[in-house]
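Breakdown of the fold
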Amino acid sequence: MPAKKPVVALIYDFDGTLSPLNMQEYDFLKAIGIRDKKQFWNENSQLIARHNASNVLSYMYLMLKKASAANVSIRRQQFVEFGRSIELYKGVEQWFDMANRLGDKYNVKIEHYINSSGLREMIEGTPIAKYFKEIYACSFMYNTDDMAVWPAVAVDFTTKTQFLFMINKGIAKVSENHKVNSYVPENQRPVPFQHMIYFGDGETDVPCMRLVKQKGGNSIAVYQPRNANKRLMAEQLVKDNRVNFACAANYSAEGEIYNIVEAIIKQIRSNIDFETLQYKNQKRFDKQK
């Protein structure tokens with residue numbers, strides 16, 4: 001029988017989805033003496049081409065290299081401090097409480113997750129970190145002096161889809177990702193794909209957005225307000241049937257995202273009520289056999 005208070009998972013990319021820029025482009029680049037963000041990303045592109053490297057592993061390496069050369073602390077807490085400068089889109093800080101109240105209104109439990117190729121430590125420095133049940137993102141290994149020495153987790157578009165199955169099956173730790181391939185009956189999975197809402201903006205999100213949509217959930221492509229190119233890219237994802245919705249990144253109560261998410265949660269609740277009614281009806285006839 002369907003659970004009385006099922007979980008609805010709201011899963012967010014970070015850079016470009018909750019924040020306008022890449023998180024490195026705030027205080028981190030300033031601290032290492034880079035004023036033009038293109039300089040950092042161009043050097044990263046050159047590294048990728050030269051070594052046929054992963055984009056994510058390359059940027060993590062470059063962060064450590066540049067920080068060390070600039071004599072900037074690369075301790076874990078310093079990355080957290082850099083995260084405090086990250087700008088968030090309109091309404092993001094209030095969004096999570098509003099979404100939780102929608103859960104109360106429709107008698108479902110709202111859980112928030114990050115699924116990002118950005119840096120976990122920086123996300124932990126933002127004022128919204130406390131709202132996430134899990135933050136699936138890149139992170140570093142640290143030595144006994146708490147200095148970053150090596151990537152611990154590198155998240156690309158393939159890894160992002162793996163995290164969706166971890167949420168689906170209730171697997172929290174990245175180190176337990178082998179459990180993703182374990183068989184779990186659909187009715188025993190804590191978060192069905194039909195109960196997922198995925199928010200993303202970029203190429204690394206497309207596989208996740210498409211997967212969630214194909215499996216009966218909903219995907220929302222967000223774009224920077226007043227950025228015509230970003231809007232066209234998001235709208236193309238709708239036309240290509242990869243996402244359900246495209247919206248400007250405004251998370252306030254007056255924004256389109258709020259109305260869409262409420263409609264989705266309402267629909268999920270309605271489907272659950274229908275399934276419960278059907279289950280009770282079938283059980284009644286089973287007893288008569």
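Anything mentioned here points back to the structure above.
Residues numbered from 1 in each chain as written. Predicted model: local features only at pLDDT ≥ 70, side-chain atom pairs only at ≥ 80, totals over all residues. Heavy atoms only, no water.

Scanning the chain from N- to C-terminus turns up 10 helices and seven strands. When burial is assessed residue by residue, the chain has 48% of its 289 residues classed as buried. For the chain, the computed accessible surface area is about 14800 Å², with 48% contributed by carbon and sulfur atoms. (Helix = DSSP H or I, 4+ residues; strand = E, 2+ residues; numbered from the N terminus. Buried < 20%, exposed > 50% of the residue type's maximum accessible area, 1.4 Å probe, protein only. Areas by Shrake-Rupley, 256 points an atom, 1.4 Å probe, with all protein chains shown as cover.)

Here strand S2 (residues 109–119) pairs with strand S3 (residues 132–142) via five bridges, running parallel. The partner of Tyr113 across the bridge, within S3, is Glu134. Counting the residues between successive antiparallel strands, the hairpin from S3 to strand S4 (residues 148–153) contains five residues, one of them, Asp146, with a positive phi of roughly 65 degrees. (Pairing = 2+ DSSP bridges.)

As a further point, take helix H8 (residues 206–214). Residues of H8 that are buried: Val206, Cys208, Met209, Leu211 and Val212. Turning to H8, the residues buried within the fold contact S2, helix H7 (157–169), strand S5 (196–200), strand S6 (218–223) and helix H9 (228–239). Gly216 lies just past H8 and shows a positive phi near 100 degrees. (Contact = heavy atoms within 4.5 Å.)

For the rest of this paragraph, the subject is the packing of H7 against H8. Between H7 and H8, whose axes approach to 8 Å, the crossing angle comes to 35 degrees. From H7, Phe157, Lys160, Thr161, Leu164 and Phe165 reach across to H8, where they touch Pro207, Cys208, Leu211 and Val212. Tallied by class, the residues present in the contact of H7 with H8 amount to seven nonpolar, one polar and one charged. (Axes fitted to C-alpha atoms, helices over the stretch in contact; angles between N-to-C directions. Nonpolar A, V, L, I, M, F, W, Y, C, P; charged D, E, K, R; others polar.)

A separate point is the pattern of salt bridges. Taken as a whole and judged by the stated rule, the model has 13 salt bridges. Between Glu111 and Lys133 there is a salt bridge, and its shortest N-O distance comes to 3.2 Å. Placement of Glu111 in strand S2 and of Lys133 in strand S3 is noted, with a sequence separation of 22 residues between them. By relative accessible area, which is 47% here, Lys133 ends up partly exposed. A salt bridge links Glu124 to Arg120, with the nearest nitrogen and oxygen atoms 2.8 Å apart. Of this pair, Glu124 and Arg120 both sit in helix H6 (residues 120–124), separated by four residues, roughly a single helical turn. Classification of Glu124 by relative accessible area gives partly exposed; the value is 24%. A relative accessible area of 26% places Arg120 in the partly exposed class. (Salt bridge = Lys/Arg side-chain N within 4 Å of Asp/Glu carboxyl O.)

It is worth spelling out the sheet that holds S5 at this point. Taken together, the seven strands give an open sheet; going across it, the order is S4-S3-S2-S1-S5-S6-S7, and neighbouring strands pair in mixed fashion. Single-partner strands in this sheet number two, and they are S4 and strand S7 (245–248). If you compare each strand with its neighbour and ignore which way they point, the axes differ by 25 degrees on average. Both S6 and S7 contribute to a ladder of four bridges, which runs parallel. When the bridges of S7 are listed, Val222 appears paired with Cys247. Along the sheet, helix H5 (residues 92–105) contacts strand S1 (7–12), S2, S3 and S5; its crossing angle with S2, the most-contacted strand, is approximately 145 degrees. Packed onto the sheet, H7 meets S1, S2, S3 and S5 and runs at close to 155 degrees relative to S2.

Shape is all these values report; function is a separate question.
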